[in-house]
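What follows is the residue order along each chain.
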Amino acid sequence: MKYIQSILMVIALVCLLQVASAAPKIYIEPSDSLVANGSTFTVDVKVGPLGSEVTTAMYTLRFDNTHLKAISQTPGGFLSQGGEATKVDPNAGINNTAGTVSYGEYIEAEPDETHFGVYSPGTLTSITFEAIGDGAGKLNITNPKLAVVTGRPDTIFVTYLFASDINIFNAAYTVSQYPRGDLDHNWVAADAVDVAMMIQAFVGDIIPNSEYDLDNNGNNADAVDVAMMIQAFVGDIIL
Ligand SMILES: [Ca+2]
Ligand SMILES: [Ca+2]
């Protein structure tokens, strides 16, 4: 019995250490978007505290303004998930001339015995872009900043984390002049040739690119993409 107890204690300690050593992350979902020129798409900027208690989150997202135009940025409720009141930086916002979308939000109350930051991952903002030019590029998180609380319960202290302390996961996009699902580029989506090309890619006869990733899960021409192409072909869905 004592033996099992020691093993359980070791396991608990290892788990604690893993939580303590995991750096928070800021990531963008979906990580890869394929959009037709002239259409809009939305990405979420998310924060995963991974065991940290977060009270402030900031970033500047950079994009290529020859491909994309930012339309809106909407707070996602990440910092208010615990019920604390938050404030959004009034200087934050969209600058299409510079190709940036910046954001900052913090929990108003100082962390103490009754006021807490947030511990669970969530959506900090949702950003909607309009695709205005063909091409591929990246959505890059720059100047990230998170405030985390340490020292509970005795000496509560707020520490700021910057780029080197945060795991950043940027996103990619492709703006295509062709409609979604139009793999042979004849301007007709999900026709018989497109279905055939998708199946050929699925079985490995041709190498697919991100145009084949209809469900945006990062896997080009997987089983779901094949199913979606066939559903679009028979008219059950519009891609
Ligand atoms: Ca086609
Ligand atoms: Ca896929």
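For clarity, every value in this text was computed on a predicted model and none was experimentally measured.

Chemist: Account for the packing of helix H2 (residues 192–203) against helix H3 (residues 223–233), naming residues and giving values.
Modeler: At their nearest, the axes of H2 and H3 sit 10 Å apart, and the two run at 165 degrees to each other. Between H2 and H3, the crossing angle belongs to the class labelled roughly antiparallel. Seen from above, H2 lies across H3 with left-handed handedness. On the side of H2, the interface is formed by Asp 194, Val 195, Met 198, Ile 199 and Phe 202, while H3 contributes Asp 225, Val 226, Met 229, Ile 230 and Phe 233. When the residues that make up the contact of H2 with H3 are grouped by side-chain class, the tally is 8 nonpolar, no polar and 2 charged.

Chemist: Help me get a handle on the domain arrangement of the protein chain, residues and values and all.
Modeler: Segmenting the protein chain into domains produces domain 1 (22–176) and domain 2 (192–233). Distance between the C-alpha centres of domain 1 and domain 2: 31 Å. Listed by partner, the interface residues are 7 residues for domain 1 and 5 residues for domain 2. Put simply, the parts of the chain that give the side of domain 1 that touches domain 2 at least two residues each are strand S2 (32–36) and strand S13 (171–176). Looking at the side of domain 1 that touches domain 2 element by element, the count peaks at 3 residues for S2. Looking at side-chain class alone, the side of domain 1 that touches domain 2 contains 2 nonpolar, 4 polar and 1 charged residues.

Chemist: Residue-level account of H2, with values.
Modeler: With 12 residues, H2 extends 17 Å from end C-alpha to end C-alpha; this agrees with the ideal 16 Å at 1.5 Å per step. Buried residues of H2: Asp 194, Met 197, Met 198 and Ala 201, and no others. Relative to the axis of H2, the buried residues are bounded by an arc of 100 degrees and lie together on one face. Opposite the packed face of H2, turned more than 90 degrees from it, sit the exposed residues Ala 192 and Val 203. Next to the buried residues of H2 lie H3. Just downstream of H2 lies Gly 204, where phi reads positive at about 95 degrees.

Chemist: How would you explain the pairing of strand S11 (residues 157–161) if you had to name every residue and give the values?
Modeler: Of all 5 residues in S11, 0 are buried; the element is thus mostly exposed. As paired strands, strand S10 (residues 135–150) and S11 are joined by 5 bridges and run antiparallel to one another. Bridge pairing in S11 places Ala 147 opposite Tyr 160. Between S10 and S11, which pair antiparallel one after the other, the connecting turn spans 6 residues, and Gly 151 there sits at a positive phi close to 80 degrees.

Procedures and definitions
- Residues numbered from 1 in each chain as written.
- Chains lettered and ligands numbered in written order.
- Predicted model: local features only at pLDDT ≥ 70, side-chain atom pairs only at ≥ 80, totals over all residues.
- Axes fitted to C-alpha atoms, helices over the stretch in contact; angles between N-to-C directions.
- Helix = DSSP H or I, 4+ residues; strand = E, 2+ residues; numbered from the N terminus.
- Parallel < 35°, antiparallel > 145°, perpendicular 65-115°, else oblique.
- Left-handed = near helix turned anticlockwise from the far one by under 90°.
- Contact = placed C-beta atoms within 7 Å.
- Nonpolar A, V, L, I, M, F, W, Y, C, P; charged D, E, K, R; others polar.
- Domains from an automatic or database assignment.
- Expected span 1.5 Å × (residues − 1).
- Buried ≥ 20, exposed ≤ 12 C-beta atoms within 10 Å, placed from the backbone.
- Arc of directions from axis to C-beta.
- Pairing = 2+ DSSP bridges.

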